[in-house]
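What follows is the residue order along each chain.
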Amino acid sequence: MKTLKPRAEFKTAFMSMPHKREMMMRERQDAATGKPHAEFYADVNALAGS
């Protein structure tokens, strides 16, 4: 996939998967994973406090 889903759709999916959410939160801190997917992890960071 080349583009991200709209933020509302992403938030719904993100909040519905607590086990995946924890995994994404750990992966965002890994420079090797986080850097190439910076736009995606920016959305993860924004939703992390929700």
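Everything below is about the structure printed above this text.
Each chain has its residues counted from 1, running along the sequence as written. In keeping with the model being predicted, local features are shown solely for residues with a pLDDT of at least 70 and side-chain atom pairs are shown and tallied solely at 80 or more, while totals for entire chains, interfaces and linings include all residues. Side-chain metrics rest on all non-hydrogen atoms present in the structure, leaving aside hydrogens and water.

**Concerning the packing of aromatic side chains**
(1) Moving on: Any two of the Phe, Tyr and Trp rings considered here, Trp counted by its six-membered ring, make a pair once their centres fall within 6.5 Å; the pair's planes then place it as stacked at under 30 degrees, edge-to-face at over 60, or tilted in between. Applying the stated rule across the entire model yields two aromatic pairs.
(2) Moving on: Their ring planes at 25° and their centres at 5.8 Å tell us that Phe-10 and Phe-14 sit as a pair that is stacked. Taken together, the residues Phe-10 and Phe-14, both in helix H1 (residues 7-15) and four residues apart, mark about one turn of the helix. The residues Phe-10 and Phe-14 share a single accessibility class, namely buried.
(3) Moving on: Ring geometry for Phe-10 and Phe-40: centres 5.4 Å apart, planes at 80°, overall edge-to-face. With a gap of 30 residues between them, Phe-10 in helix H1 and Phe-40 in helix H4 (residues 38-48) connect regions that are remote in the sequence.
(4) Moving on: By relative accessible area, Phe-10 is classed as buried at 14%. Note on conventions: DSSP H or I runs of at least 4 residues are helices, E runs of at least 2 residues are strands, and numbering of each starts at the N terminus. For the exposure calls, accessible area comes from a 1.4 Å probe over protein chains only, and a residue counts as buried if that area is under 20% of its type's maximum, exposed if over 50%, partly exposed in between.

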